[in-house]
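Chain residues, written in single-letter form:
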Amino acid sequence: MIKAGIIGATGYAGAELVRILNGHKEVEIVWYGSRSYVDQNYADVYRNMFQIVDAKCMDDNMEALADQVDVIFTATPQGFCASMMNDAIMSKAKIIDLSADYRIKDVAVYEKWYGIKHESPQYIEEAVYGLSEVNREMIKHARLLANPGCYTTCSILTAYPLAKEGVIDMSTLIIDAKSGTSGAGRGAKLPNLYCEVNENIKAYGVASHRHTPEIEEQLGIAAGEPVTLNFTPHLIPMNRGILATEYATLKKQVTYEEVKAIYDQYYQKETFVRVLEKGVFPETKWVEGSNYVDINFQIDPRTNRIIMMGAIDNLVKGAAGQAVQNMNLMFGFSENEGLNMVPMFP
């Protein structure tokens with residue numbers, strides 16, 4: 001058994017970490033960190049944990065936490081992990097950061113898009129980008145892991161094989177993505193109130209969403225060229241889920257069978273990536289509560305474009321589930337340990 005601590009355990013992603021890790025055979029949670037609920041019973045914050053979690057919320061003292069655990073999850077706002085990180089902490093525990101602090105390799109790009117100063121840029125180069133299906137071998141040896149964003153996980157995995165194989169013109173890539181409201185976090189915000197969201201759909205962060213440079217950087221690495229793209233997220237009145245629909249011009253004429261073979265080459269052996277059958281397109285309902293990514297595509301010969309689609313649960317594969325998948329790789333556990341959740345329906 002390894003010991004884990006969670007900073008930000010009372011946010012939505014943190015609570016999902018608690019749910020998943022409570023079913024993990026190799027992990028014991030010993031620190032439920034929450035600045036807002038210090039000394040309160042965790043089960044009073046999340047009643048679904050009544051008689052499951054018998055522990056009080058603790059503070060966010062990472063120095064003290066590192067002395068007690070093998071792995072620290074930071075499910076915190078941008079800037080927190082970077083402000084706390086030092087050599088002493090990293091020498092004692094592995095760090096899995098669910099914020100954006102170490103995802104983007106160019107510190108100037110991070111500071112521009114997030115509007116804050118990076119407090120520990122010396123660790124950016126060492127941090128491994130935790131897209132499990134892409135960086136598996138690097139993840140196994142990481143001590144500081146940058147867990148990808150929810151929109152980015154879905155967007156990158158959906159286009160990655162075709163970007164890597166040079167099938168699509170990356171300068172034409174457009175990503176239209178839609179997310180449930182849990183992606184905005186648990187804090188009270190006027191735009192996320194029930195009356196604002198219910199019976200409504202709206203675009204936000206148009207041409208300015210902070211996941212844009214992360215998607216561009218990772219797909220650029222895949223394609224072997226700089227990538228600039230349009231990414232437009234939308235808020236949907238549902239709890240969980242992301243659906244990304246991506247459009248790009250084809251560099252050459254290809255058949256369905258040729259494209260399907262490329263996706264199968266990359267994902268056929270991946271436990272959590274499901275390339276759907278011909279004509280069956282991803283839906284958020286079929287991945288809800290699970291660590292799966294459902295992907296498919298449609299070639300449009302009339303416009304010489306391909307439409308790629310992906311669906312994930314933003315709190316699982318888009319956050320906590322992927323963090324646990326990465327932890328499993330880092331500690332040599334079975335990659336799917338604790339993650340064999342069948343998607344919920346209805």
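Residues numbered from 1 in each chain as written. Predicted model: local features only at pLDDT ≥ 70, side-chain atom pairs only at ≥ 80, totals over all residues. Heavy atoms only, no water.

A closer look at unusual backbone geometry
Phase 1: Note the cis peptide between Phe345 and Pro346, where omega equals 0 degrees.
Phase 2: Along the chain, Pro346 falls in the segment after helix 12 (316-331).
Phase 3: A positive phi angle, close to 60 degrees, is found at Ala207, a residue other than glycine.
Phase 4: Position of Ala207 among the secondary structure elements: in the loop between strand 9 (202-203) and helix 10 (212-223).
Phase 5: Of note in the backbone geometry, Asn304 takes a positive phi value of approximately 55 degrees without being a glycine.
Phase 6: As for its placement among the helices and strands, Asn304 is situated in the loop between strand 13 (293-300) and strand 14 (305-312).
Phase 7: Taking relative accessible area as the criterion, Asn304 reaches 33% and is therefore assigned partly exposed. (Helix = DSSP H or I, 4+ residues; strand = E, 2+ residues; numbered from the N terminus. Buried < 20%, exposed > 50% of the residue type's maximum accessible area, 1.4 Å probe, protein only.)

What about helix 1 (residues 12-21)?
Phase 1: Most of helix 1 is tucked away: 8 of the 10 residues are buried.
Phase 2: Those residues of helix 1 not exposed but buried are Ala13, Gly14, Ala15, Glu16, Leu17, Val18, Ile20 and Leu21.
Phase 3: On its buried face, helix 1 is in contact with strand 1 (2-7), strand 2 (27-33), helix 2 (42-45), strand 4 (71-74) and helix 12. (Contact = heavy atoms within 4.5 Å.)

With respect to the packing of helix 7 (residues 132-140) against helix 12
Phase 1: For the pair helix 7 and helix 12, the least separation of the axes is 9 Å and the interaxial angle reads 35 degrees. Considering the relative orientation of helix 7 and helix 12, their crossing is right-handed. In contact with Ser132, Glu133, Arg136, Ile139 and Lys140 of helix 7, helix 12 contributes Lys317, Gln322, Gln325, Asn326, Leu329 and Met330.
Phase 2: Considering only residue class, the contact of helix 7 with helix 12 consists of 3 nonpolar, 4 polar and 4 charged. (Axes fitted to C-alpha atoms, helices over the stretch in contact; angles between N-to-C directions. Left-handed = near helix turned anticlockwise from the far one by under 90°. Nonpolar A, V, L, I, M, F, W, Y, C, P; charged D, E, K, R; others polar.)

Describing the layout of surface pockets
Phase 1: By volume, the largest pocket is sized at about 1,400 Å³.
Phase 2: When residues of the lining of the largest pocket are traced back to their parent elements, those giving at least two are helix 1, helix 8 (150-164) and helix 12.
Phase 3: Considering every element that reaches the lining of the largest pocket, the biggest residue donor is helix 1, with 3 residues.
Phase 4: Computed from the structure, the second largest pocket encloses a volume of approximately 550 Å³.
Phase 5: Lining the second largest pocket are 26 residues, and of these Tyr12, Thr181, Ser182, Asn239 and Leu315 lie nearest its centre.
Phase 6: Contributing elements (two or more residues each) for the lining of the second largest pocket: helix 1 and helix 9 (194-197).
Phase 7: Of the residues forming the lining of the second largest pocket, the biggest block, 4 residues, is contributed by helix 1.
Phase 8: Residue composition of the lining of the second largest pocket, by class: 12 nonpolar, 8 polar and 6 charged. (1 Å grid on protein atoms, 1.4 Å probe; cavity = no way out; pocket = protein on both sides within 12 Å on 5 of 7 lines; lining within 4 Å. Points joined across faces, edges and corners; volume = space filled by probe spheres on them.)

Notes on the pattern of salt bridges
Phase 1: Tallied over the full model, the rule gives 17 salt bridges.
Phase 2: Between Arg274 and Asp294 there is a salt bridge, with its nearest N and O atoms 2.7 Å apart. You can see Arg274 sitting in strand 12 (residues 273-275) and its partner Asp294 sitting in strand 13, a full 20 residues away along the chain.
Phase 3: On the accessibility criterion, Asp294 (3% relative accessible area) is buried. (Salt bridge = Lys/Arg side-chain N within 4 Å of Asp/Glu carboxyl O.)

Quick notes on the pairing of strand 8 (residues 174-179)
Phase 1: Side chains of strand 8 alternate between two faces, with Ile175, Ala177 and Ser179 buried and Ile174, Asp176 and Lys178 left unburied.
Phase 2: Across 6 bridges, strand 8 lies against strand 10 (residues 230-235) in parallel orientation. Bridge pairing links Ile175 to Phe231 in strand 10.
Phase 3: Summarising the sheet, strand 8 and strand 11 (residues 242-249) pair through 6 bridges and their orientation is antiparallel. The residue of strand 11 that forms the bridge with Ile175 is Glu246. (Pairing = 2+ DSSP bridges.)

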